[in-house]
Amino acid sequence: MSKHLSEAIDFAVSNSLLKFNTRYELTHAPFSLTPCSVSPDLHQQISSLTPVFNAMWLKIANDTAFLKNALEKTARTDDFIRNLLGLLPKGLPATSLQMLLSRNDFLLEDAGTPSGQMKPKQVEFNTISNSFPSLSRQVTLLHHYLSHKGILQCSPVANDPLEEAVDSMAAVIKTYDYPDSCMLMVVQKPEQNIFDQRAVEYRLLEKHRILTIRMTLDEIAENGQLSDGHLLINGQKAALTYFRAGYAPADYPGTAAWKAREMIESSSSIKCPSVGMQLAGAKKIQQLLCKPDILRRFAEEDSFSQVQETFVGLYALDDTIEGVPAVEAACQSPGRFVLKPQREGGGNNLYGDEMKASLSTMPESEQHAYILMERIEAVVTPAELVVESVSEKLPSISEIGRYGICFAEGNRLIENRDAGYLVRTKSADMDEGGVCAGYACLNSLCLND
Ligand code: ADP
Ligand code: MG
């Protein structure tokens, strides 16, 4: 192992840049030794979009009639979406307060200009369980260290989504105004990315003296109860419920877990996110926003075109694409599209021949569970990637996510801002992008001139 590589790994391990691999052995989180270089203009453009997208998604999340209508056909074939829709408040919600820790993910396309400019294209706007506020901070610190040592030539853009998230969580919990209340973190067990979650817990306690209780939905079913509308976990009031699970069907092994989710939703605990916000993050909603009349309903007039420019084509399977039925168009050019079900967490999308095979045998009744998205042709640059202590130089693609923080009462925004970034860099021949799923490496941003 080279001296540079061992110095980078020492720093990573010493600074909690860690995860469990698929065999649940402790390892450093995969990271890049080549920061992602963007122009100051592009950086400014992407970060200024965060509050715009947050505000838009808040309107969608609060529009129960729109959500029900938009997801009705999907719910007929997708039990998970149907169950979530069933949790939307029937009348007034138990609390009008909600928190959103969003992440707006972009790939960069060549703008086709002689100066080699790049334009951001949205992969998706994530509304639940956005991971890596801590690990993305730590990888930025790793790159700072390597730049001080002269190993890296550029110094990364400062980045601390962990501190931003924790400070906002503390402010939200204070709004609940109940002494000695805690934060409930809904988790999966086991969890490969536990250190990223623990960092939130430790910092909230260290800086704000607020305790976090980690539980799966099944554990919440066993240990939780409602009292005067408050959510009590082993007798302690949960002012804020922060979902780092609950986005996947496997998080609900049976009725007990669904009952726990129902109890959370019907309590006055502030949700991060609310079930409406979780549903607003469905890929079906992203597809509908691609229609100008629907986008107009939720986007402000002065940001409409800015938002729209980040979209690639998104279609329902019964749409037509340039006059050809969508399924036929995708089967004719499988390299041009990605087929996506209403799922989060990576590894669910279908590409190429697999997509074609699935589409050609899919019964019509199931088509509403999916959307088709045009494939983003991201720019490819060389990067040195380090996975389980082995480094490799590869043509690669970087995906930039902007964290956003939003706190609202009804449609009134109390807080709405950008809170830093996540960069994931992966080999250019990889379709998917998750870090814990083993596809991508954590990275930082550098500004070029
Ligand atoms: P998930 O909710 O599972 O994270 P995403 O829609 O974010 O699903 O897709 C997972 C990964 O697949 C992304 O991080 C990205 O790397 C890749 N991907 C998704 N959509 C596209 C697309 N339209 N073009 C190219 N790559 C894509
Ligand atoms: Mg994603």
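Numbering of residues starts from 1 in each chain and follows the order in which that chain's sequence is written. Chains carry letters from A onward and ligands carry numbers from 1 onward, assigned in written order. Only residues with pLDDT of 70 or above have their local features reported here, since the model is predicted, and side-chain atom pairs are shown and tallied only from 80 upward, although totals for entire chains, interfaces and linings are computed over all residues. To get the side-chain values, all heavy atoms of the structure are used, and hydrogens and water are removed first.

Engineer: Could you clarify how one ought to interpret the overall build of the chain in this entry?
Structural biologist: A tally of helices and strands in the chain yields 15 helices and 23 strands. Put simply, the radius of gyration uses C-alpha atoms, and a globule should come to 2.2 Å times the residue count raised to 0.38. Taking 2.2 N^0.38 as the reference for a compact globule, 449 residues should give roughly 22 Å; the C-alpha atoms of the chain span a radius of gyration of 21 Å, in line with that estimate. Considered along the principal axes of its C-alpha atoms, the chain spans approximately 60 × 55 × 45 Å. Of the contacts formed within the chain by residues at least 6 apart in sequence, a portion of 72% connects residues at least 24 apart. Accessible surface for the chain amounts to roughly 18,700 Å². Of this, 50% is attributable to carbon and sulfur atoms. Just so you know, the count uses Lys and Arg for positive and Asp and Glu for negative, and it drops His and the chain ends. Where a charge lies is defined by one atom per residue type: Lys uses NZ, Arg uses CZ, Asp uses CG and Glu uses CD. When the 42 positive and 56 negative side-chain charges of the chain are each reduced to one mean point, those points stand 3 Å apart. In this description a helix means any DSSP run of H or I spanning at least four residues, a strand means any run of E spanning at least two, and both kinds are numbered starting from the N terminus. Any pair of residues with heavy atoms lying within 4.5 Å of one another is described as a contacting pair. Using the Shrake-Rupley algorithm and a 1.4 Å probe, accessible areas are obtained, with residue cover drawn only from the displayed protein chains.

Engineer: Can you help me understand the site of ligand 1 in this one?
Structural biologist: The local shell around ligand 1 holds 21 residues, among which Lys283, Lys340, Gly346, Ile376 and Glu399 are the closest. Throughout this description, a polar contact denotes any pair of N or O atoms lying within 3.5 Å of each other; where both atoms belong to protein, one of them has to be capable of donating a hydrogen while the other can accept it, and for residues adjacent in sequence the pair is counted only when both atoms sit in side chains. Asn349 is positioned with one of its side-chain polar atoms (N or O) 3.0 Å from an oxygen atom of ligand 1. Coverage of ligand 1 by the protein amounts to 95% of the 540 Å² it exposes when considered alone. The cavity where ligand 1 resides is the largest pocket. Those elements giving two or more residues to the shell around ligand 1 turn out to be strand S6 (118-126), strand S16 (337-341) and strand S18 (370-374). Its residues assigned to classes, the shell around ligand 1 shows six nonpolar, four polar and eleven charged. Distances are taken per atom, and a residue is near a molecule or strand as soon as one of its heavy atoms is within 4 Å of it. Lining residues are defined by having an atom within 4 Å of a point belonging to a cavity or pocket. Those points lie on a 1 Å grid over the protein atoms alone, cavities being sets where a 1.4 Å probe fits but cannot get out and pockets being open sets with protein on both sides within 12 Å along at least five of seven lines. To decide whether a molecule occupies a pocket or cavity, check its atoms: if more than half lie within 2 Å of the grid points, it is inside. As a working rule, the residues Ala, Val, Leu, Ile, Met, Phe, Trp, Tyr, Cys and Pro are called nonpolar, Asp, Glu, Lys and Arg charged, and the rest polar, with Gly in that last group.

Engineer: Before we go on, may I ask you to explain unusual backbone geometry in this structure?
Structural biologist: Glycine aside, residues mostly have negative phi angles, and peptide bonds mostly take the trans form. A cis geometry characterises the amide bond from Lys189 onward to Pro190, with omega recorded as -5°. Along the chain, Pro190 turns up in the loop between strand S7 (182-186) and helix H7 (194-208). Here the residue pair Cys272 and Pro273 is connected by a cis peptide bond, since its omega of 5° sits within 30 degrees of zero. Mapped onto the elements of the fold, Pro273 is located in the loop between strand S12 (270-272) and helix H10 (275-280). Located in the positive-phi region is Ser129, a residue other than glycine, with phi close to 55°. A positive phi angle is found at Ser389, which is not glycine, with a value near 70°. For every residue, the accessible area (1.4 Å probe, protein chains only) is compared with the maximum for its type, and the residue is labelled buried under 20%, exposed over 50%, or partly exposed between those bounds. Judged by its relative accessible area of 30%, Ser389 is partly exposed.

Engineer: In this structure, what is going on with the pattern of salt bridges? I would like to understand it.
Structural biologist: As a working rule, side chains carrying opposite charge can pair if their charged atoms are close by. A side-chain nitrogen of Lys or Arg and a carboxyl oxygen of Asp or Glu constitute a salt bridge if their distance falls within 4 Å. In total, this model carries 30 salt bridges according to the counting rule given. For the salt bridge of Asp167 with Lys207, the shortest nitrogen-to-oxygen distance reads 3.0 Å. Here the residue Asp167 occupies a position in helix H6 (residues 161-176), and Lys207 occupies one in helix H7, the gap between them amounting to 40 residues. A residue is classified by how much of its surface remains accessible, and Asp167, at 27% relative accessible area, is partly exposed. The exposure class of Lys207 is partly exposed, given its relative accessible area of 37%. With its nearest N and O atoms 3.3 Å apart, the salt bridge here joins Glu206 to Arg203. You can see Glu206 and its partner Arg203 sitting in helix H7, three residues apart, about one turn around the helix. Look at Arg203 and you get partly exposed, because its relative accessible area is 22%.

Engineer: How do you make sense of the layout of surface pockets when you look at a structure like this?
Structural biologist: Where empty space is left becomes clear once a probe the size of a water molecule has been rolled over the atoms. Grid points are joined across faces, edges and corners, and a volume is the space filled by probe spheres set on the points. In this structure, the largest pocket occupies an estimated 1,100 Å³ of space. Taken together, 50 residues form the lining of the largest pocket, with Gly345, Gly346, Arg424, Glu432 and Gly434 sitting closest to its centre. Secondary-structure elements contributing two or more residues to the lining of the largest pocket are strand S5 (97-110), S6, S16, S18, strand S20 (390-409) and strand S21 (412-427). Considering only residue class, the lining of the largest pocket consists of 18 nonpolar, 15 polar and 17 charged. Reported here for the second largest pocket is a volume of approximately 510 Å³. Taken together, 26 residues form the lining of the second largest pocket, with Leu88, Pro89, Pro93, Ala94 and Thr95 sitting closest to its centre. When contributions to the lining of the second largest pocket are tallied by element, the ones reaching two or more residues are helix H2 (40-62), helix H3 (64-77), S5, helix H9 (255-265) and H10. Take the lining of the second largest pocket: its biggest share by element is three residues, from H10. In the lining of the second largest pocket, the residues fall into ten nonpolar, eleven polar and five charged.

Engineer: Just to check I follow, could you spell out the pairing of strand S9 (residues 224-227) for this structure?
Structural biologist: If a strand is regular, its side chains alternate between the two faces of the sheet. A strand pair is defined by DSSP finding two or more bridges across the two strands. Here four bridges tie S9 to strand S10 (residues 230-233), and the two strands are oriented antiparallel to one another. Within S10, the residue paired with Ser227 across the bridge is His230. The turn joining S9 and S10, which pair antiparallel and follow one another in sequence, is formed by two residues; a positive phi near 50° is taken by Asp228.

Engineer: What am I meant to see in the environment of Ala260 here?
Structural biologist: Take Ala260: it is sitting in helix H9. Under the relative-accessibility criterion, Ala260 is labelled buried at 0%. Residues Ala260 and Leu314, 54 residues apart in the sequence, show an inter-C-alpha distance of 34 Å.

Engineer: Could you clarify how one ought to interpret H7 in this entry?
Structural biologist: For an α-helix the count is 3.6 residues per turn, leaving residues at separations of three or four pointing the same way. To estimate how far a helix should extend, the number of its residues minus one is multiplied by 1.5 Å. Its 15 residues place the ends of H7 21 Å apart at the C-alpha level, agreeing with the 21 Å of an ideal helix rising 1.5 Å per residue. Those residues of H7 not exposed but buried are Ile194, Asp196, Gln197, Ala199, Val200, Glu201, Leu204 and His208. Each element contacted by the buried residues of H7 is listed here: strand S1 (18-20), helix H5 (133-148), H6, S7, strand S8 (212-215) and strand S11 (236-243). Positive backbone phi, approximately 60°, marks Arg209, located one or two places after H7.

Engineer: Could you clarify how one ought to interpret the packing of aromatic side chains in this entry?
Structural biologist: Aromatic rings in a pair are described by how distant their centres are and how their planes are angled relative to each other. In summary, the pairing rule links any two rings of Phe, Tyr or Trp, Trp by its six-membered ring, whose centres are within 6.5 Å, and it sorts them by plane angle into stacked for under 30 degrees, edge-to-face for over 60 and tilted for everything else. Here the structure, examined in full by the defined rule, presents eleven aromatic pairs. Plain terms: the ring middles of Phe20 and Tyr24 are 5.8 Å apart, the flat faces sit at 35° to each other, and that makes the pair tilted. Sitting over the ring of Phe243, Arg261 keeps its end group 4.3 Å from the ring centre. Just above the ring of Phe304 sits the side chain of Arg296; from NZ or CZ to the centre is 4.7 Å. Consider the ring centre and the ring normal. A charge sits over the ring if Lys NZ or Arg CZ is within 6 Å of that centre and within 35 degrees of that normal.

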